[in-house]
Amino acid sequence: MAEVPVITVDGPSGAGKGTVSHLLADTLGWHFLDSGALYRVTGQACLIEGVSWDDHAAVTEVARHLEVSFTTAASGEILVAYKGVDVSREIRTEEGGRGASTVAAIPAVREALLARQREFRRAPGLVADGRDMGTVVFPSAPLKIFLTASAQERAERRYKQLIAKGENVSLARLLEDIQERDERDSSREVSPLVPAEDAIVIDSTATSIEDVFARVMQEVTKRGMNASR
Ligand code: DC
């Protein structure tokens with residue numbers, strides 16, 4: 001039987017991966033994997049269970065037994081729960097991002113979450129959003145996108161989002177956080193943030209998300225991946 005197709009969308013935070021991946025999954029009617037959410041929930045679960053992010057053995061146990069569920073609300077928003085309790089808001093804070101990036105650098109944690117991520121590969125197809133989707137989790141994916149943008153541009157996008165939500169943030173602080181997170185994600189020994197050799201690299205610094213999406217759809221069409229729609 002033919003393998004269920006996967007489109008991987010990797011890249012640093014704030015490059016627009018989430019938006020492009022959601023649009024792709026909706027347009028194709030495919031499943032969606034937000035792998036960052038699994039790392040974010042692991043970090044959050046540690047806070048809930050009183051486990052320090054630096055205690056690698058204990059964090060790995062949390063990841064192995066992670067009781068996480070994803071449900072789609074009537075609004076279309078994806079809700080994430082740990083042990084049945086909604087943690088969608090907590091995992092999206094700056095602290096949630098730091099926790100995710102810290103626990104994601106532990107090789108045994110990545111190993112513990114590998115099989116769980118692969119379970120998302122179900123017919124008719126999967127759009128997988130993350131850092132190592134094309135290099136490690138789904139190396140056989142027929143279409144791999146690596147979406148990037150300058151750190152300054154990503155910080156400005158995040159700044160606008162947070163200001164619109166009424167949060168009081170500093171652009172300089174956000175830029176520092178993004179640079180620190182990039183450094184941690186790119187320099188870790190296991191599954192660092194690098195494009196797969198066969199990935200199509202798209203820089204969205206000066207390109208709208210609509211144009212990025214149109215570019216990705218060209219590749220989808222070229223491969224006949226939207227044939228059934
Ligand atoms: O995509 P995100 O911002 O929600 O990811 C949060 C953190 O999780 C990010 O800093 C790095 C880590 N991550 C990872 O190491 N591998 C993935 N496939 C996805 C996320």
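Residues numbered from 1 in each chain as written. Predicted model: local features only at pLDDT ≥ 70, side-chain atom pairs only at ≥ 80, totals over all residues. Heavy atoms only, no water.

K.L.:
What's the story with the site of the ligand in this structure? I'm lost.
P.N.:
As a matter of local geometry, the ligand sits amid 18 residues, with Arg-40, Arg-110, Arg-131, Asp-132 and Arg-188 nearest to it. The contact in question runs from an oxygen atom of the ligand to an N or O atom on the side chain of Arg-40, over 2.6 Å. Within the side chain of Arg-110, an N or O atom sits 2.8 Å from an oxygen atom of the ligand. In the complex, 95% of the free accessible area of the ligand, which totals 450 Å², lies under the protein chains. Elements with a contribution of two residues or more to the shell around the ligand: helix 2 (35–49), helix 5 (94–103) and helix 9 (171–187). Per-element accounting of the shell around the ligand gives the leading share, 4 residues, to helix 2. Partitioned by chemical class, the residues of the shell around the ligand number 4 nonpolar, 5 polar and 9 charged. (Near = heavy atom within 4 Å. Polar contact = N/O pair within 3.5 Å; in protein donor to acceptor, adjacent residues only side chain to side chain. Areas by Shrake-Rupley, 256 points an atom, 1.4 Å probe, with all protein chains shown as cover. Helix = DSSP H or I, 4+ residues; strand = E, 2+ residues; numbered from the N terminus. Nonpolar A, V, L, I, M, F, W, Y, C, P; charged D, E, K, R; others polar.)

K.L.:
Looking at this structure, how should I read the nonpolar core?
P.N.:
Generally speaking, soluble globular proteins have nonpolar side chains that are buried together. With 33 residues, the main nonpolar core has Leu-33, Val-41, Leu-66 and Phe-138 as its most contacted residues. Secondary structure elements with two or more residues in this core: helix 2, helix 3 (56–64), strand 4 (78–82), helix 5, helix 6 (107–118), strand 6 (126–130) and helix 7 (133–137). The dominant element in this core, judged by the number of residues it contributes, is helix 2, at 6 residues. Aside from chain neighbours lying at most four places away, what touches Leu-33 is Leu-38, Gln-117, Phe-120, Leu-126, Val-127, Ala-128, Asp-129, Met-133 and Phe-138. Val-20, Ala-25, Leu-143 and Val-212 belong to the second largest nonpolar core, which has 21 residues in total. (Core = buried A, V, L, I, M, F, W, Y, C linked by side-chain atoms within 4.5 Å. Buried < 20%, exposed > 50% of the residue type's maximum accessible area, 1.4 Å probe, protein only. Contact = heavy atoms within 4.5 Å.)

K.L.:
Any chance you could explain the sheet that holds strand 1 (residues 6–10) here in plain terms?
P.N.:
Hydrogen bonds along the backbone pair up the strands of a sheet, which may run parallel or antiparallel. The 5 strands lie next to each other as 2-6-1-7-8, forming an open sheet whose pairing is parallel. Every other strand in the sheet has two partners, leaving strand 2 (31–34) and strand 8 (200–203) as the edge strands with one partner each. With strand direction ignored, the average angle separating the axes of adjacent strands in the sheet is 20°. Two strands pair when backbone bridges link them, and strand 1 and strand 6 are joined in this way by 5 bridges, in the parallel orientation. Residue pairing in the sheet places Val-6 in a bridge with Leu-126 of strand 6. On top of the sheet, helix 2 reaches strand 2 and strand 6; it is set at about 40° to strand 2, its chief contact. (Pairing = 2+ DSSP bridges. Axes fitted to C-alpha atoms, helices over the stretch in contact; angles between N-to-C directions.)

K.L.:
For this particular structure, what's the right way to read the packing of aromatic side chains?
P.N.:
Each aromatic ring pair is characterised by the separation of its centres together with the angle its planes make. Under the defined criterion, the tally for this structure stands at 1 aromatic pair. With centroids separated by 6.0 Å and ring planes inclined at 80°, the aromatic side chains of Phe-70 and Phe-120 adopt a geometry described as edge-to-face. You can see Phe-70 sitting in strand 3 (residues 68–72) and its partner Phe-120 sitting in the loop between helix 6 and strand 6, a full 50 residues away along the chain. With a relative accessible area of 29%, Phe-70 lands in the partly exposed category. (Phe/Tyr/Trp six-rings, centres within 6.5 Å; stacked < 30°, edge-to-face > 60°.)

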